[in-house]
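Per-entry structural report
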Amino acid sequence: MAVSLGGNSGGPMSEINVTPLVDVMLVLLIIFMITAPLMSHSITIDLPTANPKTKDEDLPVPPIDLAIKEDGSMFLNDHPATEAELKAQLAVEAQKSPQPELQIRADKSTEFKIVKKVIGDAKDSGMVHVGFMTHDVPKG
């Protein structure tokens, strides 16, 4: 009969060896301690602070008024305009930021193809805000 004095019976170990884990963690800690100061910026700049509660004041942009008569004649901001002048003016206005709205006032007997052509010209020039002006009829 053999007697074991150390208590090691040769079975599986039930203890975990944490020495390699501690060694790896210490090495990582040293690496982070060395590289953290290097991540700071060497040039200091006074950055603006953002305040989400303040709102930039939007300056009102006057709309572009386009009146189209029954015969197809056009008036841009109450001045007579040809189709070429209209296209040129719309191209200029489309480049502005913020872009003004094109408000179309067409006579009720104007052919729709004329209005459709104006809308197409506005779209081709880059205008994105196009509206139609109507006349309210009082009830009663």
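Structure: above.
Let me begin by describing the structure that accompanies this report. (Residues numbered from 1 in each chain as written. Predicted model: local features only at pLDDT ≥ 70, side-chain atom pairs only at ≥ 80, totals over all residues. Heavy atoms only, no water.)

1. Some remarks on the overall build of the protein chain
Basically, it comes down to this: To qualify as a helix, a DSSP run of H or I must reach at least 4 residues; to qualify as a strand, a run of E must reach at least 2; elements of each kind are numbered from the N terminus. Partly exposed describes any residue whose relative accessible area lies between the buried limit of under 20% and the exposed limit of over 50%, with all areas from a 1.4 Å probe on protein chains only and scaled to the type maximum. Every residue pair with non-hydrogen atoms within 4.5 Å of one another is taken to be in contact. Note that accessible areas follow from Shrake-Rupley with a 1.4 Å probe, and for residues the cover is restricted to the protein chains shown.
The secondary structure content of the protein chain amounts to three helices and five strands. Ordering the α and β elements of the protein chain from the N terminus gives α-β-β-β-α-β-α-β. Within the protein chain, the fraction of its 140 residues that count as buried is 19%. Nonlocal contacts in the protein chain, meaning residues at least 24 apart in sequence, comprise 67% of its contacts between residues at least 6 apart. For the protein chain, the exposed surface amounts to about 12,300 Å²; the carbon and sulfur share of it is 61%.

2. Structural notes on unusual backbone geometry
Outside of glycine, negative phi angles account for most residues, and trans bonds account for most peptide bonds. Residue serine 97 is joined to proline 98 through a cis peptide bond whose omega torsion reads 0°. On the secondary structure map, proline 98 appears in the loop between α2 (83–94) and β4 (102–106). A positive phi angle is found at aspartate 78, which is not glycine, with a value near 65°. For aspartate 78, a relative accessible area of 59% corresponds to the exposed category.

3. Let's talk about the pairing of β4
Selection rule: Strand pairing requires that DSSP identify at least two bridges connecting the strands. Look down the strands so they point away from you; if the path from the first strand over the helix to the second goes clockwise, the crossover is right-handed.
Here five bridges tie strand β1 (residues 64–68) to β4, and the two strands are oriented parallel to one another. Residue isoleucine 64 lies in a different strand from β4, and its bridge partner there is leucine 102. As defined by bridge partners, β4 adjoins strand β5 (residues 130–132) across three bridges and the pair is classed as parallel. Looking across to β5, one finds that leucine 102 is bridged to valine 130. Handedness of the β4-helix α3 (residues 112–125)-β5 crossover: right-handed.

Spatial relationships are all this shows, so hold off on functional conclusions.
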